[in-house]
Amino acid sequence: MDGADWSRRRLVGLLARTAAAAAALPAAACGGPAGTQAPAAAPTAPRASSGASGRARGASGRRPLLLGTYTSAEGGGRGIGLAEYDPATGRITGSGLLAEVDDPSYLAVHPDGRTLYAVNEREDGAVTAVRLSDHRVLGSRSTGGAAPCHLSVHPGGRWLFSANYGSGSVAVHPVDASGALGERTGLVTHATPPPGPGQRGPHAHQVVTAPDGAHVLAVDLGTDTVYTYRLDEGAGTLVEVSRARTRPGAGPRHLAFHPGGRHAYVANEVDNTVAVCAYDPGTGRLAVGEPQSTGAPPGGGTGANYPAQILVTSDGAYAFLANRGHDSVTRYAVEAEGARLRLLGAVPVGGDFPRQIAFSPDGGLLFAANQRSGTVSTFRVSAGDGGLRRTGEPFASPVAVCALPL
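Remember, it's a predicted structure, so these values are computed and weren't measured experimentally.

## Concerning the overall build of the protein chain
In terms of regular secondary structure, the protein chain is built from one helix and 30 strands. Every one of the 406 residues in the protein chain was classed for burial, and the buried ones make up 60%. Across the protein chain, contacts joining residues at least 24 apart in sequence account for 51% of those joining residues at least 6 apart. On the protein chain, roughly 14300 Å² of surface is accessible, and the fraction owed to carbon and sulfur atoms is 50%.

## Focus on the sheet that holds strand S3 (residues 80–85)
By way of backbone hydrogen bonds, the strands of a sheet pair with one another, either parallel or antiparallel. The antiparallel open sheet is built from four strands, whose spatial order is S4-S3-S2-S30. Only two strands of the sheet have a single neighbouring strand rather than two, namely strand S4 (92–99) and strand S30 (402–405). For this sheet, the mean angle separating the axes of adjacent strands, direction not counted, is 25°. Where strand S2 (residues 63–68) and S30 come together, four bridges link them in antiparallel fashion. Each bridged residue has a counterpart across the sheet, and for Gly 68 the counterpart in S30 is Cys 402.

## Here's the deal with unusual backbone geometry
Geometrically, the link from Thr 192 to Pro 193 is a cis peptide bond, its omega value of 0° lying close to zero. Here Pro 193 is to be found in the loop between strand S12 (186–189) and strand S13 (204–209). Phi at Asp 103 takes a positive value of approximately 45°, unusual for a residue other than glycine. One non-glycine residue, Asp 327, lies in the positive phi region at around 55°. For Asp 327, the location among the structural elements is in the loop between strand S22 (318–324) and strand S23 (328–335).

## Remarks on the nonpolar core
Residues Leu 66, Leu 98, Leu 107, Leu 116 and Leu 404 are the most contacted members of the largest nonpolar core, which totals 30 residues. Mapped onto this core, the elements with two or more residues apiece are strand S1 (28–29), S3, S4, strand S5 (107–109), strand S6 (115–120), strand S7 (126–131), strand S9 (148–153) and S30. For this core, the element with the highest residue contribution is S6, accounting for four residues. Those residues in contact with Leu 404 that lie beyond four places of it in its chain are Ala 28, Ala 29, Cys 30, Pro 64, Leu 65, Leu 66, Leu 107, Ala 108, Val 109 and Leu 116.

## Re the pairing of S22
Two faces, one strand: in a regular strand the side chains alternate between the faces of the sheet. Counted residue by residue, S22 has seven buried out of seven residues, so it is predominantly covered. Alternating positions in S22 separate into two faces, Tyr 318, Phe 320, Ala 322 and Arg 324 on one and Ala 319, Leu 321 and Asn 323 on the other, with burial throughout. Where strand S21 (residues 306–312) lies against S22, five bridges are found, and the strand directions are antiparallel. Bridge pairing in S22 places Val 312 opposite Ala 319. What sits between S21 and S22 in their antiparallel hairpin is a turn of five residues, with Gly 316 showing a positive phi close to 75°. One ladder, built from six bridges, connects S22 with S23; its direction is antiparallel. Each residue of the ladder has a partner; that of Ala 322, found in S23, is Val 329. With antiparallel pairing between neighbouring strands as the criterion, S22 and S23 make up a hairpin whose turn holds three residues, including Gly 325 at a positive phi of roughly 110°.

## A short note on the pattern of salt bridges
Summed over all chains, the structure comprises 15 salt bridges. Between Glu 121 and Arg 355 there is a salt bridge, with its nearest N and O atoms 3.8 Å apart. Separated by 234 residues along the polypeptide, Glu 121 in the loop between S6 and S7 and Arg 355 in strand S25 (residues 354–359) bring together distant segments of the chain. Both residues of the pair, Glu 121 and Arg 355, belong to the buried class. Here Arg 243 and Glu 240 are joined by a salt bridge, their closest N and O atoms 2.5 Å apart. Among the residues examined, Glu 240 registers a relative accessible area of 35% and is labelled partly exposed. Residues participating in the shared-partner salt-bridge network are Arg 62, Glu 84 and Asp 86.

## With respect to the sheet that holds S5
The five strands are arranged S1-S5-S6-S7-S8 in an open sheet whose pairing can be described as antiparallel. Only two strands of the sheet have a single neighbouring strand rather than two, namely S1 and strand S8 (137–142). Inspection of the sheet shows S6 paired to S7 by six bridges, in the antiparallel sense. Among the inter-strand pairings, Ala 118 is bridged to a residue of S7, identified as Thr 128.

## Digging into empty space enclosed by the protein
If you walk through the whole model with that rule in mind, you get three cavities of 30 Å³ or more. Its boundaries defined by the atoms lining it, the second largest cavity holds a volume of some 60 Å³. Of the residues that constitute the lining of the second largest cavity, the class distribution is three nonpolar, four polar and two charged.

Each value, and the rule that gives it
- Along each chain, numbering runs from 1 in the same order as the chain's sequence is written.
- Under the rules for a predicted model, residues below a pLDDT of 70 receive no local features and side-chain atom pairs below 80 are neither given nor counted, while totals for whole chains, interfaces and linings still include all residues.
- Hydrogens and waters are ignored; side-chain quantities use all the structure's heavy atoms.
- In DSSP terms, a helix is any run of H or I states spanning at least four residues, a strand is any run of E spanning at least two, and both are numbered starting from the N terminus.
- The rule is simple: take the accessible area with a 1.4 Å probe, protein chains only, and divide by the maximum for that residue type; under 20% is buried, over 50% is exposed, in between is partly exposed.
- Any pair of residues with heavy atoms lying within 4.5 Å of one another is described as a contacting pair.
- Areas reported here follow the Shrake-Rupley algorithm with a probe of radius 1.4 Å; residue values treat only the protein chains shown as occluding.
- Strand pairing is assigned whenever DSSP detects at least two bridges linking the two strands.
- Here the axes come from fitting lines to C-alpha atoms, over the contacting stretch only for helices, and the angles between their N-to-C directions go from 0 to 180 degrees.
- The term nonpolar core refers to a set of buried residues drawn from Ala, Val, Leu, Ile, Met, Phe, Trp, Tyr and Cys, joined through side-chain atoms within 4.5 Å.
- Definition used for salt bridges: Asp or Glu carboxyl oxygen within 4 Å of a side-chain nitrogen of Lys or Arg.
- The pocket and cavity definitions rest on a 1 Å grid over protein atoms only: a 1.4 Å probe that fits but cannot leave marks a cavity, an open set with protein on both sides within 12 Å along at least five of seven lines marks a pocket, and residues lining either have an atom within 4 Å of a point.
- Grid points are joined across faces, edges and corners, and a volume is the space filled by probe spheres set on the points.
- Each residue receives one of three labels: charged for Asp, Glu, Lys and Arg, nonpolar for Ala, Val, Leu, Ile, Met, Phe, Trp, Tyr, Cys and Pro, and polar for the others, Gly being one of them.

Written out as structure tokens, the structure reads:
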């Protein structure tokens, strides 16, 4: 057996053990479904899916790291990458392939830890399911739209949501007992309000379940709007209940909920701001506050800064924002029970164009996927003040757009 084969078998075994151990844990995603809460019967372990760091310690043994890429881009990967990391040191090693999937730019794991889902960010958009224990592709389903760029699993595990950036729509797929996806049951398109300044149409960029579990929020960069839907869990459909407008031209990209469930934070890609939002769990209504600084002036070589992923620690003490252009991660103190963000500063990410950030399950590490440099940077998160300290040199990964630590 050569070294590459041995490494691959080691990673397969590691994934199988991780899937079994994670069966009782909530869903995980590429820094994705922010604020998603576990079902009442599930453990309250910290998780990456909520964009929340538990800031706990004590993890031991190497863990899997799944990597999203653009297979159609020059220098891109061959599908979903597979490496491993050391929770104690943050060091990433190994280089393998979980599955050959077209343009898997965003990843999320089922609440039982056994199945991975990936968007296929192409004109004819789709979502794909992969069984983690043996890397078997369980099939793909059309999203009914173009260029899906985000997906998340409902905490109950029965529904998968995806956001079609190109067509400004949100799709719903049922998930069966094996983790495989059924045919689409719902599709809503953001036809109104009219696109914001400089936009040519709606661009759904994120879809997440609110902490109350009954509402699904879709962030649309093109219409400067966050839409709230009520999920019909019997039919797998979404019914709009409210809209929250940002200021014209803000270009909202991603949001993250405070663990208290009554506030959320929106990263505005186009105007380089963030905003604190009030949220009513009873009605699903979101109210967007005044824009605030990202702590990142226009980026050096690009002449602009584009905020991307925003995360909140599971204790609600700190928030982190990835800045593309400035190539940094901004840190905020969260105050007034979630109602206020206080800018603390920004640290260089050590790569070019950090598209996405995610916490390790124990909250001790933060990973940043740097698209243009093709690297993943790792930071140790201080339990005392939320400070970030980079742990060695970035890990090379072709066109890294998503890093999902399990």
